[in-house]
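# Observations on the model geometry
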Amino acid sequence: MPRRLSLLVMLLAALATVAPSMTVGTTSSATTVTPVTTDNPLAGRTWGVYRGDAELAWEPYERATGQRKALLARIALQPKSKWFGDWIGDDEIAGRVRDYVASATGGDPEVLVPMTVFRMMPWEQEACTRLPTKAEKASYRRWITRFAGALGDTHTLMVLQPDGPFARCAPGGSKVPARLVAWAARTFAALPHTHVYLDAGAADWLRVEDAVQLLVDLGVEHVRGFALNTTHYDATSSQITYGAEVVAGLADRGLPGKHFVVDTTQNGRPFTHAQWEARPQGQPFDDAATCRTPTGRRCVTLGIPPTADVTAAAWGLSGRVRALAAEHVDGFVWTGRPWLHQQSQPFDLRRALAVARTTPYQ
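Calculation rules
Residues numbered from 1 in each chain as written. Predicted model: local features only at pLDDT ≥ 70, side-chain atom pairs only at ≥ 80, totals over all residues. Heavy atoms only, no water. Helix = DSSP H or I, 4+ residues; strand = E, 2+ residues; numbered from the N terminus. Buried < 20%, exposed > 50% of the residue type's maximum accessible area, 1.4 Å probe, protein only. Polar contact = N/O pair within 3.5 Å; in protein donor to acceptor, adjacent residues only side chain to side chain. Arc of directions from axis to C-beta. Contact = heavy atoms within 4.5 Å. Phe/Tyr/Trp six-rings, centres within 6.5 Å; stacked < 30°, edge-to-face > 60°. Lys NZ or Arg CZ within 6 Å of the ring centre and 35° of its normal. Expected span 1.5 Å × (residues − 1). Core = buried A, V, L, I, M, F, W, Y, C linked by side-chain atoms within 4.5 Å. Axes fitted to C-alpha atoms, helices over the stretch in contact; angles between N-to-C directions. Parallel < 35°, antiparallel > 145°, perpendicular 65-115°, else oblique. Left-handed = near helix turned anticlockwise from the far one by under 90°. Salt bridge = Lys/Arg side-chain N within 4 Å of Asp/Glu carboxyl O.

Mapped onto the fold, Asp-287 is located in the loop between helix H9 (273-277) and helix H10 (319-328). The class of Asp-287 is buried, set by a relative accessible area of 9%. Reaching out from Asp-287, the side chain makes a polar contact with the backbone nitrogen of Gln-342 at a distance of 3.2 Å.

Structure below.
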């Protein structure tokens, strides 16, 4: 490379490195704009906020007044990743996706839309007892195809199939569920602006080598990377350290350069699955107790707000962890839903107000 061109490239790289983060005031459809980087598809772009009944926290926020409204705004006005699953029929999914995108982007095609696809059936514990039927497999492919068609060229942050480790417990060691998710991963990744992160559980769930094999089975070779901590409460720093080890493991398998996102919705006061199980019997893990005060420990409260600015000093990460985040983490995302009963439904006003009131990130 000629010396003059080389110096120009170096100058541009330096400017990109020190570019300040940018924020904009809340608008009708979007929120924070994050710094531009050379290789992070989530950065330098507004993340959209959906405002409608398809998000269970939205209507309670709209009805609220005073201090209650101010607290619920900490949930409702964040760019959360809505779950789309089998409760939306094959004939409905395309329209639902188009409506959601229209609301979240406000008609601006450059806005990034966070979304979660949770369509595999059977899943969770049922996935350990039976395989999908022929009809279920056909429905899955039809639903995914229509979803992808509705997305088109939308800029999308997609977390695919939360609680991914359940693919490992299919009867007889079958790879059928994993192969279906891998097919969906390829389908979505073929879209021009959809960035897919396969759910790999959490640092307190699988060993690194097991997470690597799971991701290989789920088709990580076709996508941007993977997602961690979607339904768990473990520390962000633990996820980053663990995720970096998974990235290294994937590189050893011939799949270098993968990145990941970390769910920070509900880990403001983190704890592991093992720490929760060691407590006296009480609430199930999915409905773990919310914090009572802002200084509570090992309780559920909102964590770092959604952002691609993963190295900000405000997050309190150590220098080593920040360096790992800068290299491997595309964003902190809100895919979890601690304001819902057992992270599912219905909306639980008591939990919502508790996690909003006690968060250390205000």
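Our focus in this paragraph is unusual backbone geometry. When glycine is set aside, most residues are seen to have a negative phi, and most peptide bonds are trans. A cis amide bond links Met-121 to the next residue, Pro-122, at an omega of 0°. Structurally, Pro-122 is set in the loop between strand S4 (112-118) and helix H5 (134-151). Residue Pro-346 is bonded to the preceding Gln-345 through a cis peptide linkage, with omega at 0°. On the secondary structure map, Pro-346 appears in the loop between strand S9 (329-333) and helix H11 (349-358). Residue Asp-163 is not a glycine yet carries a positive backbone phi of 60°. In this structure, Asp-163 sits in the loop between strand S5 (155-160) and helix H6 (176-189). Located in the positive-phi region is Gln-343, a residue other than glycine, with phi close to 60°. With respect to the helices, strands and loops of the structure, Gln-343 is situated in the loop between S9 and H11.

Attention now goes to H10. Restricting attention to buried positions, one finds in H10 the residues Val-321, Leu-324, Ala-325 and His-328. Considered in projection along H10, the buried side chains sweep an arc of 100° and stay on one side of the axis. Across from the buried face of H10, at angles greater than 90 degrees, the exposed residues are Gly-319, Ala-326 and Glu-327. Its buried side turned inward, H10 meets helix H8 (236-252), strand S8 (259-263) and S9.

The final tally for this structure, using the stated rule, is 14 aromatic pairs. Relative to Phe-147, the ring of Phe-84 has its centre 5.4 Å away and its plane inclined at 85°; by these criteria the two rings are edge-to-face. Of the two residues, Phe-84 sits in strand S3 (residues 82-85) while Phe-147 sits in helix H5, which places them 63 residues apart along the sequence. Across this residue pair, the class does not change: Phe-84 and Phe-147 are buried. Aromatic pair Trp-334 and Trp-339: ring centres 6.2 Å apart, planes at 45°, arrangement tilted. By relative accessible area, Trp-339 is classed as buried at 1%. An aromatic cluster is present here, built from Tyr-50, Phe-84, Tyr-100, Trp-143, Phe-147 and Phe-188 joined pairwise through their rings. Its guanidinium or amino end placed over the ring of Tyr-61, Lys-69 lies 4.1 Å from that ring's centre, counting from NZ or CZ.

What follows covers H5. Given a rise of 1.5 Å per residue, 18 residues ought to cover 26 Å, and the 26 Å separating the end C-alpha atoms of H5 matches this to within 8%. Looking only at H5, the buried set comprises Ser-139, Tyr-140, Trp-143, Ile-144, Phe-147, Ala-148, Ala-150 and Leu-151. Around the axis of H5, the buried residues are gathered within 160° of arc, so they sit on the same side. Opposite the packed face of H5, turned more than 90 degrees from it, sit the exposed residues Lys-134, Ala-135 and Gly-149. Elements in contact with the buried residues of H5: S3, helix H4 (93-105), S4, S5, H6 and strand S6 (194-199). Two residues or fewer past H5, Gly-152 is found with a positive phi of approximately 55°.

Soluble globular proteins: nonpolar side chains tend toward being buried together. If you look at the biggest cluster of nonpolar residues, it comprises 70 residues, and the most contacted ones within it are Phe-147 and Phe-188. For this core, the leading source of residues is H6, giving eight residues. Setting aside residues up to four positions removed in sequence, Phe-188 forms contacts with Val-117, Ile-144, Phe-147, Ala-148, Leu-151, Met-158, Leu-160, Thr-194 and Val-196.

This part takes up the environment of Trp-183. One can find Trp-183 in helix H6. The exposure class of Trp-183 is buried, given its relative accessible area of 17%. Those residues in contact with Trp-183, other than ones at most four positions away along the chain, are Tyr-140, Arg-141, Ile-144 and Thr-145.

For the rest of this paragraph, the subject is the packing of helix H7 (residues 208-217) against H8. Their axes nearest at 9 Å, the elements H7 and H8 cross at an angle of 60°. For the element pair H7 / H8, the angle class is oblique. The two elements H7 and H8 meet at a crossing, and its hand is right-handed. Of H8, the residues touching H7 (which contributes Val-208, Ala-211, Val-212, Leu-215 and Val-216) are Tyr-242, Glu-245, Val-246, Gly-249 and Leu-250.

What follows concerns the pattern of salt bridges. A side chain of one charge can pair with a side chain of the opposite charge if their charged atoms are brought near each other. Scanning all chains against the criterion turns up 14 salt bridges. Arg-168 is the salt-bridge partner of Asp-210, the closest N and O atoms lying 3.6 Å from each other. Here Asp-210 is found in helix H7, whereas its partner Arg-168 is found in the loop between S5 and H6, with 42 residues between them in sequence. Residue Arg-168 is classed as partly exposed on the basis of its relative accessible area of 44%.

Honestly, it's all geometry; don't read function into it.
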